[in-house]
Amino acid sequence: MGQQLYYSGEFARRAGVSVRTLRFYDHQGLLSPSHYSKSGYRLYSDDDLVELQQILALKFLGFTLGEIKRFMKSGPGLLPERLARQKAMMRDRQAQIDAILRAIERMEELLREGRQDREAIAQLIEVTQMEKKNEWVNKYFTPDQQETMNDLTDRSYSDEAKDVIAAWGEWTEEDQRRVDAQYAHIADELKRLVAEGQDPAGAEAQAVAKLQTELLAQFTHGDSEVTAGLNSWWQNFSALPEEQKPPVLPWSEGEEAFLREALKIYSEQLSQD
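In this text the structure is predicted, and so the values were computed from the model without any measurement.

Parameters at a glance
Residues numbered from 1 in each chain as written. Predicted model: local features only at pLDDT ≥ 70, side-chain atom pairs only at ≥ 80, totals over all residues. Heavy atoms only, no water. Pairing = 2+ DSSP bridges. Helix = DSSP H or I, 4+ residues; strand = E, 2+ residues; numbered from the N terminus. Contact = heavy atoms within 4.5 Å. Axes fitted to C-alpha atoms, helices over the stretch in contact; angles between N-to-C directions. Buried < 20%, exposed > 50% of the residue type's maximum accessible area, 1.4 Å probe, protein only. Phe/Tyr/Trp six-rings, centres within 6.5 Å; stacked < 30°, edge-to-face > 60°. pLDDT = per-residue confidence, 0-100. Polar contact = N/O pair within 3.5 Å; in protein donor to acceptor, adjacent residues only side chain to side chain. Core = buried A, V, L, I, M, F, W, Y, C linked by side-chain atoms within 4.5 Å. Salt bridge = Lys/Arg side-chain N within 4 Å of Asp/Glu carboxyl O. Parallel < 35°, antiparallel > 145°, perpendicular 65-115°, else oblique. Left-handed = near helix turned anticlockwise from the far one by under 90°.

1. Focus on the sheet that holds strand S2 (residues 35-36)
Sheets are built from strands paired through backbone hydrogen bonds, the pairs being either parallel or antiparallel. Taken in spatial order, the 3 strands make up an open sheet running S1-S3-S2, and their pairing is antiparallel. Bordering the open sheet on either side are strand S1 (5-7) and S2, each of which pairs with just one other strand. Here S2 runs beside strand S3 (residues 42-45); their pairing, made up of 2 bridges, is antiparallel. Among the inter-strand pairings, Tyr36 is bridged to a residue of S3, identified as Arg42. Contacting S1 and S3, helix H3 (residues 46-60) runs over the sheet at an angle of about 80° to S3.

2. Considering the environment of Ala217
Mapped onto the elements of the fold, Ala217 is located in helix H10 (residues 203-220). Since its relative accessible area comes to 40%, Ala217 is described here as partly exposed. Sequence separation between Ala217 and Thr227 is 10 residues; the distance between their C-alpha atoms is 8.4 Å.

3. Observations concerning unusual backbone geometry
Its identity is not glycine, yet His221 carries a phi of approximately 60°, on the positive side. With respect to the secondary-structure elements, His221 resides in the loop between H10 and helix H11 (224-238).

4. Considering the packing of aromatic side chains
Overall, the coordinates contain 6 aromatic pairs when judged by the stated rule. Here Tyr7 and Tyr41 contribute two aromatic rings whose centre-to-centre distance is 6.2 Å and whose plane-to-plane angle is 85°, an arrangement assigned as edge-to-face. Highlighted residues: Tyr7 in strand S1 and Tyr41 in the loop between S2 and S3, separated in sequence by 34 residues. For Tyr41, a relative accessible area of 54% puts it in the exposed group. Both rings, one in Phe24 and one in Tyr25, keep their centres 6.1 Å apart while their planes meet at 50°; by these two values the pair is tilted. The class for Phe24 is partly exposed, based on a relative accessible area of 38%. Through a chain of ring-to-ring contacts, three or more aromatic side chains come together here, namely Trp233, Trp234 and Phe237.

5. Concerning the confidence of the model for the chain
Averaged over every residue, the pLDDT of the chain is 78; residues scoring 70 or more account for 77%. Averaged over each element, pLDDT in the chain is lowest for helix H6 (residues 118-137) (57) and highest for S3 (89).

6. Some thoughts on the environment of Ser45
Mapped onto the secondary structure, Ser45 falls in strand S3. What makes Ser45 buried here is its relative accessible area of 3%. Within the local environment of Ser45, its side chain forms a polar contact with the side chain of Ser34, the two groups lying 3.4 Å apart.

7. What to know about the nonpolar core
Counting residues in each nonpolar core, the largest one holds 16 residues, and the members touching the most others are Leu22, Leu52 and Ile55. Among the secondary structure elements, those contributing two or more residues to this core are helix H1 (8-15), helix H2 (19-27), H3 and helix H4 (65-72). In contact with Leu22, not counting residues within four places along its chain, are Ser8, Phe11, Ala12, Val17, Leu31, Tyr44 and Leu52. Counting 15 residues, the second largest nonpolar core, distinct from the first, contains Val179, Ala187, Leu215 and Trp251.

8. A closer look at the pairing of S3
Regular strands have side chains that alternate between both faces of the sheet. Pairing analysis gives 3 bridges linking S1 to S3, with the strands arranged antiparallel. Its bridge partner lying in S3, Tyr7 is registered against Leu43.

9. Some words on the pattern of salt bridges
Within the structure shown, the criterion is met by 9 salt bridges. In this structure, the salt-bridge partner of Glu214 is Lys210, at a minimum N-O distance of 2.4 Å. Taken as a pair, Glu214 and Lys210 lie in helix H10 at a separation of 4 residues, close to a single helical turn. A residue is classified by how much of its surface remains accessible, and Lys210, at 38% relative accessible area, is partly exposed.

10. A look at the packing of H10 against H11
It is at 9 Å that the axes of H10 and H11 come closest, and there the two elements cross at 120°. In terms of orientation, H10 lies oblique with respect to H11. Crossing geometry of H10 relative to H11 is assigned as right-handed. Where H10 abuts H11, its residues Leu216, Phe219 and Thr220 lie against Val226, Thr227 and Leu230.

This is the structure:
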């Protein structure tokens, strides 16, 4: 038995969105109509409605369209798994909100009794700050991706390296923005150099390799344990199936191969100096 098909207007009404939103999602590669009529009109199916529901739910949770697009690429055959992941993300968010509500209610109860409790105040500050921290991290990674990143870090770094990193203080959103800007510059240069067919040993490619090396050195602070952990992290990351890899590199596999060769040459030249 074939699926029911809907023209854009009817499908938009069923979904509670505008036709303009449907066209925008199509343009962004998030949701395209399953079929077209002989006259070229867009036709959507019940399966498309399920896809749209997931997009809207993830958007409600605060994910960017780019994050949603990567999430949706897992394929229709994994719908039960995707729904389970979506439910888990909602439960994580609910747990965070519930913790804040409990802390607020505790404070309200104490205030009604004319009392102030330092421990209750500290707990409210703690859960609020944790929520604030999660808000900016969620801009970059989904809960599943955060779990993968935490697992990679736990497996890759020694206890000594973790203690060293912890002593440096919390990684902030400003830190992330600064690093993102530097990586974006490297990505732009790699794209240009590869498109132009440049030599990894050339001056421009070596300048990019120098910048990448310096960027990694900023993170490790020259500490041997942290450097070893970082190398192990990338090895473990590379071993992950493609669909499980968080989006941590803003360049393609070809550009990554070009950078690896440029870094190899740069390292060899340094050892000879």
